[in-house]
Amino acid sequence: MPASDLTSGAGVDLALGTVDVLPEGELSRRLEGAAAPLRVKLGIDPTAPDIHLGHVVVLEKLRQFQAAGHLAVLIIGDYTARVGDPSGRSDERPVLSPEEIDANATTFQEQAFKVLDRARTEVRFNSEWLEMPSGELFALARRFTVARLLERDDFARRMEAAQPISLLELLYPVLQGYDSVAVRADVELGGTEQRFNLLFGRDVQASFGQRPQVAVTLPILPGTDGVRKMSKSLGNYVGVTEPAAEIFGKLMSIPDAVLPLYRELLLGEAPDDRHPLEAKRELARRICERFAGPGSGDEAERRFDTVHRDREVPPDVPEVILPEGELVHLPALLRDALGISGGEARRLIAQGAVRVDGLPSDRLDVPAAELAGTVLQVGKRRFLRLAR
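Residues numbered from 1 in each chain as written. Predicted model: local features only at pLDDT ≥ 70, side-chain atom pairs only at ≥ 80, totals over all residues. Heavy atoms only, no water.

(A) Representation of helix α9 (residues 153–160). Burial in α9 covers these residues: Asp154, Phe155 and Arg158. The arc that holds every buried residue of α9, seen down its axis, measures 100°, which confines them to one face. Facing away from the buried side of α9, by more than 90 degrees, are the exposed residues Asp153 and Glu160. Immediately downstream of α9, the backbone of Ala162 shows phi near 60°, a positive value. (Buried < 20%, exposed > 50% of the residue type's maximum accessible area, 1.4 Å probe, protein only. Helix = DSSP H or I, 4+ residues; strand = E, 2+ residues; numbered from the N terminus. Arc of directions from axis to C-beta.)

(B) Representation of the pairing of strand β12 (residues 375–378) within the structure. A two-sided burial pattern is seen for β12, the buried positions comprising Val375 and Gln377 on one face and Leu376 and Val378 on the other. Across 3 bridges, strand β9 (residues 354–356) lies against β12 in antiparallel orientation. Following the sheet pairing, Arg355 is matched in β12 by Gln377. With antiparallel pairing between neighbouring strands as the criterion, β12 and strand β13 (residues 382–387) make up a hairpin whose turn holds 3 residues, including Gly379 at a positive phi of roughly 70°. (Pairing = 2+ DSSP bridges.)

(C) Examining the sheet that holds strand β1 (residues 20–22) more closely. With mixed pairing, 6 strands are arranged side by side in an open sheet as β1-β6-β5-β2-β3-β4. Either end of the sheet is taken by a strand with one partner, and the two such strands are β1 and β4 (121–125). Direction aside, neighbouring strands of the sheet carry axes that sit 20° apart on average. Pairing analysis gives 6 bridges linking strand β2 (residues 39–44) to strand β3 (residues 71–76), with the strands arranged parallel. Paired with Arg39 across the two strands is Leu71, which belongs to β3. Sheet contacts for helix α4 (residues 53–67): β2, β3, β4, β5 (187–191) and β6 (214–218); angle to β5, the most-contacted strand, approximately 155°. In the packing of helix α11 (residues 195–207) onto the sheet, the strands contacted are β1, β5 and β6, and the crossing angle to β6 comes to about 170°. (Axes fitted to C-alpha atoms, helices over the stretch in contact; angles between N-to-C directions. Contact = heavy atoms within 4.5 Å.)

(D) Here's a closer look at the sheet that holds β12. In space, the 5 strands of this open sheet follow the order β7-β13-β12-β9-β10, with mixed pairing throughout. Both edges of this open sheet fall to β7 (319–321) and β10 (359–360), since each of them pairs with a single strand only. Bridging between β9 and β10 involves 2 bridges; their strand directions are antiparallel. For Val356, the partnering residue across the bridge sits in β10 and is Leu359.

(E) Representation of the side chain of His70. Within the secondary structure, His70 is located in the loop between α4 and β3. Only 2.9 Å separates the side chain of His70 from the backbone nitrogen of Leu38, close enough to count as a polar contact. (Polar contact = N/O pair within 3.5 Å; in protein donor to acceptor, adjacent residues only side chain to side chain.)

(F) Highlighting the nonpolar core. In terms of nonpolar packing, the biggest core is built from 57 residues, with Leu53, Val187, Leu189, Leu251, Tyr262 and Ile287 touching the most fellow members. In terms of residue count, the dominant contributor to this core is α4 (7 residues). (Core = buried A, V, L, I, M, F, W, Y, C linked by side-chain atoms within 4.5 Å.)

(G) View of helix α10 (residues 167–183). With 17 residues, α10 extends 25 Å between its outermost C-alpha atoms, agreeing within 8% with the 24 Å of an ideal straight helix rising 1.5 Å per residue. Of all the bends found along α10, the most pronounced is centred on Pro173 and spans about 30°. With respect to burial, α10 is a largely interior element, 13 of its 17 residues being buried. Phi turns positive one or two residues past the end of α10, at Arg184, with a value near 50°. (Expected span 1.5 Å × (residues − 1). Bend = angle between axes of the 7 residues up to and from the residue.)

(H) Spotlight on the pairing of β5. Where burial is concerned, most of β5 is hidden: 5 out of the 5 residues are buried. Of the two faces of β5, the one holding Val187, Leu189 and Gly191 and the one holding Glu188 and Gly190 are both buried throughout. Bridge count for β5 against β6 is 5 bridges, and the pairing is parallel. Looking at β6, one finds that Glu188 is bridged to Ala215. Of the crossover connections in this fold, the one passing from β5 over α11 to the parallel β6 is right-handed. (Right-handed = clockwise from strand over helix to strand, strands pointing away.)

(I) Spotlight on the packing of helix α12 (residues 244–252) against helix α15 (residues 296–309). Two elements in contact, α12 and α15, have axes separated by 9 Å at closest approach and are oriented at 65°. By the angle between their directions, the pair α12 and α15 is classed as roughly perpendicular. Crossing hand, α12 versus α15: right-handed. Contact residues: α12 offers Ala244, Ala245, Phe248, Gly249 and Met252, while α15 offers Ser296, Gly297, Ala300, Glu301, Arg303 and Phe304. (Parallel < 35°, antiparallel > 145°, perpendicular 65-115°, else oblique. Left-handed = near helix turned anticlockwise from the far one by under 90°.)

(J) Structural context of the environment of Phe113. Here Phe113 lies in the loop between α5 (98–112) and β4. Residues in contact with Phe113, not counting those within four places in the same chain, are Arg118, Thr121 and Val123.

(K) The packing of helix α14 (residues 276–292) against α15, seen in detail. Relative orientation of the contacting elements α14 and α15 amounts to 130°, with a least axis distance of 7 Å. Viewed along their axes, α14 and α15 adopt a mutual orientation that is oblique. In the crossing of α14 with α15, the sense of the turn from one axis to the other is right-handed. Seen from α14, the contacting residues are Arg281, Arg285, Cys288, Glu289 and Ala292; seen from α15, they are Ser296, Gly297, Asp298, Ala300, Glu301, Phe304 and Asp305.

(L) Layout of the confidence of the model for the chain. Summing up the model confidence of the chain, the mean pLDDT is 89 and the portion of residues at 70 or higher is 94%. The low-confidence segment residues 1–12, where pLDDT is below 50, has 20 contacts with residues more than four positions distant or belonging to other chains. Scored below 50 in pLDDT, residues 88–92 shows 14 contacts in the model against residues more than four places distant or in partner chains. (pLDDT = per-residue confidence, 0-100.)

(M) Representation of the environment of Leu218 in the model. You can see Leu218 is positioned in strand β6. Leave out the neighbours within four places in its chain, and Leu218 touches Gly17, Thr18, Val19, Val57, Val58, Lys61, Leu189, Gly190, Gly191 and Thr192.

See below:
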């Protein structure tokens, strides 16, 4: 591909919406001098099975690089997920089983193509090169000092607070940097909490004689609580594969204060003078249309109004046949019908978020005769019509 096709207008456009592009001016120089597509890396550890709108922010930037003619290198961190990236955290991440990691990696990869161009994406699993003999791992670690690794902000905070830092966590930036060596990355993308890791990756590449990558960081999308980073484990996320009604309802719940940032990061548009309620509706409709399909935004809005404005039960409530027996164990019913874990179901019941014909139910076991013919509501947006 001619260099002019790779750089025409891209030096400015690709930096829009970013927080850091480091070293300063290096991305423009790379784009202007490119004789071939740049290899633009994004590494994601499959610690959860689903992509949410927080992931979409950085995936969208990767897609913009693809649209400019460059190659996206999507690294599924099946090996580094076993270590746990502590970036932006004050504690160590829980370690998943190999089976959980593999299952998450499969669904995560497929969902990424809701944003990325599959034909311009190279998918790699970092276990390809990180499952190395111990001697090679020690040789890799020997290239860097603990003092350099402890420069990272979250490590410094934890040391000051006398909180433990495991040796595996110290190794994480080294392993992530070696990913860049393995795929010969020209550019690496990440959220602002990844700034140290991306810059450290330049050190790792230089130590292997490679030209260091350009580090590009993007803003972090706050969750639906408007405060903490969007995360499935915190329950403040909007998943891209959720039903349109869930997507719409969750986006309508975000605080007004973060609405301008949501519009900027998800729609690429500046805030306007409309009432926040109207702007949220438009945001929710457009996100539904993108991820749940044409027409889903309008339908989700009608359903939202039925439930929240008119206080009615939606007309399309799915019917669930109650199990055999005199008693129905509600956590099991919610698990089988809605995919809610037993622990989450018990929490929702204890909080009064499970209602039978509009009345809160605090019982785990309910006579089937009481439930037959009723409407079970879970939270604000999920309904089941129960029958025998």
